[in-house]
Amino acid sequence: MAEVVGRVYRVSGPVVEVEEAWSLSMLEVVEVGNLHLVGEVVHLKTGHAFVQVYEDTTSLKPGDPVYSNHEPLSVELGPGLLGSIFDGVQRPLQLIREKQGMAIARGIHLPPLERTRRWEFAPVASAGQQAGPGAIIGEVQETGLVRHLIMVPPGLSGRLVWVAPPGDYTVEDKIAVLDTGQGQVPLRLFQRWPVRRSRPYQRKIEPNEPLLTGQRVIDTLFPLAKGGSVAVPGGFGTGKTVVQHQMARWSDADIVVFVGCGERGNEMTDVLLSFPSLVDPRQGRPLMERTILVANTSNMPVAAREASIYTGITLAEYYRDMGYHVALMADSTSRWAEALRELSGRLEEMPLEEGFPAYLPSRLAEFYERAGAVRNLNGRSGSISIIASVSPPGGDFSEPVTAHTKRFIRAFWALDRELANARHYPAISWTESYSEYLEDVQNWWHEKISPEWLSLRYAIMEILQKEQKLMQVVKLIGPDVLPPSQRLILETAELFKNAFLQQNAFEPVDAFTSPKKQLLMLKAIMRFHEKAEMAVKNGLAVSRIRQLPIYQKLLRMKTNYPEDALDRLEEFLKEFETAFQQEEF
Amino acid sequence: MSEYDLREYQGLEEVVGPIFIIRGIHSVGYNQLVEITDSEGRYRIGLTLEVGQGYAVVQVLGGTAGLSLGNCRVRFRGRPLTIGVSEEMLGRVFNGLGEPLDNLPAPLAEEMADVNGLTINPTARDYPRNIIETGLSAIDVMNTLVRGQKLPIFSGSGLPHNTIAAQIARQARVRGESFCIVFAAMGVKYDTARFFLRGFEESGVLERVAVFLSLADSPSIERLMTPRVALTCAEFLAFRKNMHVLVIMTDMANYCEALRELSTIRGEIPARKGYPGYLYSDLASLYERAGMVKDLAGSITQLPILTMPNDDITHPIPDLTGFITEGQIVLERELSVRGIYPPIAGLPSLSRLMKDNIGKGLTREDHPALAAQLFSCYAHVKDIRALAAIVGEEELAPLDHLYLQFGESFERDFLCQGVDQRRSLEESLDLGWEILSLLPREELVRISEEMLGKYYRGKDER
């Protein structure tokens with residue numbers, strides 16, 4: 001049982017000052033008051049400790065006891081994480097609902113992993129073997145999609161003196177005993193890890209495989225590598241959440257950790273209700289089997305919002321250690337930064353720009369540095385990709401959170417208000433976005449799909465660039481004064497936007513596009529451009545182009561050729577040879 | 001009675017704005033109810049904002065006018081602010097703290113409820129599913145409102161946001177069912193409140209409305225409680241009495257100003273434009289009280305109204321609201337000046353819950369594509385207008401002229417309708433096709449061939 005380590009001295013919102021707190025250390029977890037509200041020590045000063053409390057502090061009063069086990073804020077890692085939804089400090093929200101009904105009451109203490117559920121454990125190591133940190137002792141089929149590897153926790157190594165036989169075990173059951181030389185340590189199906197410390201690995205490796213998302217503007221124009229980080233900034237209503245949901249649905253990660261940080265409750269409800277019935281496009285299993293949700297919605301306590309990002313990334317690291325590719329969606333990091341700001345203000349720290357604390361950039365850096373492709377302690381390789389949305393106030397990308405984030409990411413998918421207003425989704429701007437992973441993933445594209453990928457991509461980007469410059473002229477004097485070759489650029493760019501970039505998340509055929517189809521579509525559009533260029537030189541009026549049957553076919557190729565009919569799309573590419581010949585001009 | 005009810009303190013240390021500091025007290029909790037009686041016997045209530053060893057900072061909800069350091073008596077009740085709620089609240093008028101203003105006795109409370117509400121477990125929420133027909137084409141077709149949604153109206157001073165909100169309240173139906181209404185007025189003038197009350201009266205729904213008024217002459221601090229009190233009433237009606245509740249809150253800008261005022265007096269570090277860093281969380285604690293809960297029949301739909309200072313949509317109040325709410329209805333001055341009612345801006349308006357609730361089996365199969373095409377064509381109209389303003393309309397290509405014609409018809413025929421005119425969704429959709437058919441068929445790239453074949457009525461079939 002936790003001991004009394006101090007008394008409440010002052011309460012101001014989520015921050016509680018504790019007196020007689022000499023035994024408390026930084027970042028340890030305490031329980032405050034008679035309800036045992038969970039909090040974390042964030043500042044120590046002359047016998048007083050400042051605690052950020054993860055629950056509503058209403059009715060706490062000076063003199064209330066403060067308890068501690070002298071442990072840092074930790075999460076439980078083991079079978080049962082997948083398919084679950086936790087709050088920012090890993091409390092199991094489904095179990096809480098079963099116990100308490102619709103509202104989250106205060107002072108609930110439930111273990112994150114169910115204690116009674118039994119898992120079928122199959123040992124792979126045997127007694128007598130040497131086992132280092134990360135070594136695999138056995139396996140549990142956690143869901144239909146994922147085999148969960150039971151590993152020796154980091155920091156432990158020695159000789160296995162006993163390994164449990166195959167059978168059904170609860171997470172607390174002993175499944176092995178490790179002799180470390182200083183004593184025998186029992187190992188269980190689950191382990192604990194402090195969220196603010198990154199889990200160790202051997203070394204980082206080069207990310208060289210794309211994280212395929214099925215979203216054409218992303219995979220083809222601004223790809224993300226497995227192990228990369230990308231920021232998705234956009235004002236309200238530009239579609240950040242839809243992009244995040246699309247990534248969670250379609251990306252080819254093995255595991256998806258979705259952190260809903262200070263966002264709408266209904267968005268988590270949407271994921272919870274839709275994911276169990278959505279099927280993974282590769283393996284045909286429900287998406288929920290590879291997904292963990294961490295939900296700290298905007299009306300939940302602000303301190304737990306600050307912690308939710310760390311909880312999410314620690315869960316991601318654990319699956320990375322098994323050798324999986326993990327995608328972490330954080331929606332939205334701005335709300336996390338605001339939680340930092342609010343807590344910092346309550347601690348009366350010196351504010352910098354827009355009230356954010358001076359340590360905002362270093363916290364962001366620490367977080368993004370936990371992404372990456374790595375060689376694990378057990379020799380396997382895995383990765384964490386971070387897809388972080390940013391909600392800049394007023395859509396202004398020069399504000400502190402966006403500006404600092406840009407320093408620590410290598411891809412940037414800027415969401416554009418005008419595109420969103422015209423309902424061009426995903427509203428990812430092709431002028432402001434960038435990806436530094438192009439070079440990293442080009443080999444993959446060239447080997448697996450086509451050696452033309454990078455050159456086609458640059459060719460279409462050039463057309464978009466030219467279009468942007470021409471539009472400045474058009475906006476002043478209209479398109480009619482441009483020579484036909486330049487008007488064709490406008491037409492091709494327009495075609496590309498409508499036929500390729502725009503993608504309907506709610507249309508079954510269009511929602512996901514394989515790399516192969518993306519390449520064929522891109523090729524079709526570029527071939528059209530070449531042929532049309534010739535035809536225009538030979539006198540075809542540019543205004544006629546839109547009425548050509550081939551143009552209309554291009555516009556609808558995204559829905560007319562489903563993934564199982566790509567050979568028809570290849571056939572279609574041959575039509576270009578004759579498409580312009582039939583035209584009389 | 002607990003020990004706190006018996007203990008009474010006299011004398012304050014400091015009074016500043018709506019806040020006072022009291023010392024020499026014992027065992028007072030955070031965010032608890034405080035009762036204050038001044039030397040003339042006037043009674044008011046407050047809440048503890050901060051508590052420390054032997055002191056408390058208290059915000060006085062009735063304002064601090066008339067409080068003196070020496071003569072007032074203070075009691076700490078040892079519980080948060082609660083109000084008595086009951087079905088009888090419908091048909092009544094209250095002040096911002098839930099006390100009757102209509103000279104009738106307070107309704108008999110069925111339950112006492114904490115004004116801060118409950119944090120709904122995200123796993124307990126149900127995803128909003130039934131669309132609300134408002135009878136306004138601009139909303140029903142383009143920005144469909146869904147039961148359980150929070151959809152604010154972003155307006156500016158002088159724009160007809162009140163008329164629109166009142167029209168929605170009057171006409172809103174889900175499969176023929178109407179709503180009961182909770183109306184909260186924060187810092188608005190009496191005329192505005194009167195406008196709504198008269199509207200409710202004339203349409204005969206007054207006995208289905210609970211009204212909470214904290215008018216411009218009430219202490220600004222009372223505005224901080226008004227939406228909480230109103231939502232507490234709404235939650236009771238929705239989740240205990242299984243009713244469908246439409247909550248209209250006006251004007252959220254006044255609420256935010258009151259929050260800024262309090263924050264400044266407390267000397268907190270401001271974020272943007274002097275608003276406190278927790279404005280987002282605070283607004284979320286109101287807006288997130290909309291929604292539906294699994295296994296319960298009732299729902300709360302929110303229609304907050306806010307006037308954007310200087311029509312600036314990037315101002316922190318509309319900006320943070322837009323990040324929390326599920327879309328927004330934006331009113332445009334230019335349309336209003338041209339006599340178009342409702343002046344609902346075509347492009348920046350948005351309903352996030354629309355996508356999952358329209359289309360085949362929900363509204364009509366053509367609805368999603370039609371709406372997307374209208375948006376995209378109207379966006380193009382804006383570009384052409386910008387060009388026409390420079391080169392002159394005469395210089396435009398024939399296709400561009402068609403677009404201009406479409407734009408004009410979109411605004412005059414589609415958006416525009418009477419204050420008492422209710423269009424069925426079917427009518428509105430057909431109207432959408434009618435104006436879309438002004439454009440040549442090959443321009444309609446967001447709509448499938450199949451749909452075009454079925455609904456397109458343009459003349460130039462090539």
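The preceding data block contains the structure.
Caption draft 1: Examining the overall build of chain B more closely. Helix and strand counts for chain B stand at 13 helices and 21 strands. Over its C-alpha trace chain B gives a radius of gyration of 25 Å, about what one expects of a compact globule, namely 23 Å for 462 residues. At a minimum sequence separation of 6, the contacts of chain B that also span at least 24 residues come to 71%. When the accessible surface of chain B is totalled, it reaches about 16800 Å², and 49% of it is carbon and sulfur. Each charge class in chain B was averaged separately, 47 positive and 62 negative side chains, and the resulting centres sit 3 Å apart.

Caption draft 2: Focus on the side chain of Ser-251 of chain A. All names here are of chain A. Mapped onto the secondary structure, Ser-251 falls in the loop between α3 (240-250) and β20 (255-261). A distance of 2.8 Å separates a polar side-chain atom of Ser-251 from the backbone oxygen of Met-247. Every residue in contact with Ser-251, bar those within four places of it in the chain, is listed here: Leu-211, Leu-212, Thr-213, Gln-246, Val-256, Arg-282, Arg-290, Ala-327 and Met-329.

Caption draft 3: Inspection of the state of the cysteines at higher detail. Residues and elements named next belong to chain B. Counted according to the given criterion, the structure contains zero disulfides over all chains. Lacking any disulfide linkage, Cys-180 is separated from the closest cysteine sulfur, that of Cys-233, by 8.1 Å. A relative accessible area of 0% places Cys-180 in the buried class.

Caption draft 4: Structural detail: the interface of chain A and chain B. Residue-level contacts link 78 residues of chain A with 82 residues of chain B. Here Arg-546 of chain A and Glu-443 of chain B are joined by a salt bridge, their closest N and O atoms 3.1 Å apart. Inspection of the chain A/chain B interface yields 30 residue pairs in polar contact (both at pLDDT 80 or more). For the side of chain A that touches chain B, the elements supplying multiple residues, two or more each, are β1 (3-12), α1 (93-100), α3, α4 (265-274), α5 (302-321), α6 (333-346), α11 (453-477) and α14 (549-555) of chain A. Of all the elements, α4 of chain A adds the most residues to the side of chain A that touches chain B, at seven residues. Where β1 of chain A and strand β5 (residues 43-52) of chain B come together, two bridges link them in antiparallel fashion. Bridge pairing in β5 of chain B links Val-11 of chain A to Val-51 of chain B.

Caption draft 5: Looking closely at a nonpolar patch on the surface. A contiguous nonpolar surface patch, about 440 Å² in accessible area, is contributed by Val-473, Leu-476, Ile-477 and Val-481 of chain A together with Ile-390 of chain B. The greatest single-element share of the nonpolar patch, amounting to three residues, is contributed by α11 of chain A. Examined against the element boundaries, Val-481 of chain A turns out to sit in the loop between α11 and α12 (484-501).

Caption draft 6: Summary view of the sheet that holds strand β16 (residues 184-188) of chain A. All names here are of chain A. With antiparallel pairing, the four strands of this open sheet are ordered in space as β10-β13-β15-β16. The open sheet is flanked by β10 (130-131) and β16, the only strands paired with a single partner. As paired elements, strand β13 (residues 158-163) and strand β15 (residues 174-179) share four bridges and run antiparallel to each other. Paired with Trp-162 across the strands is Val-177, a residue of β15.

Procedures and definitions
Residues numbered from 1 in each chain as written. Chains lettered and ligands numbered in written order. Predicted model: local features only at pLDDT ≥ 70, side-chain atom pairs only at ≥ 80, totals over all residues. Heavy atoms only, no water. Helix = DSSP H or I, 4+ residues; strand = E, 2+ residues; numbered from the N terminus. Rg over C-alpha atoms; globule rule 2.2 N^0.38 Å. Contact = heavy atoms within 4.5 Å. Areas by Shrake-Rupley, 256 points an atom, 1.4 Å probe, with all protein chains shown as cover. Lys, Arg positive; Asp, Glu negative; His and termini not counted. Charge placed at Lys NZ, Arg CZ, Asp CG, Glu CD. Polar contact = N/O pair within 3.5 Å; in protein donor to acceptor, adjacent residues only side chain to side chain. Disulfide = S-S within 2.5 Å. Buried < 20%, exposed > 50% of the residue type's maximum accessible area, 1.4 Å probe, protein only. Salt bridge = Lys/Arg side-chain N within 4 Å of Asp/Glu carboxyl O. Pairing = 2+ DSSP bridges. Patch = residues over 30% accessible without salt bridge, like charges linked within 9 Å, V, L, I, M, F, W, Y side chains within 5 Å.

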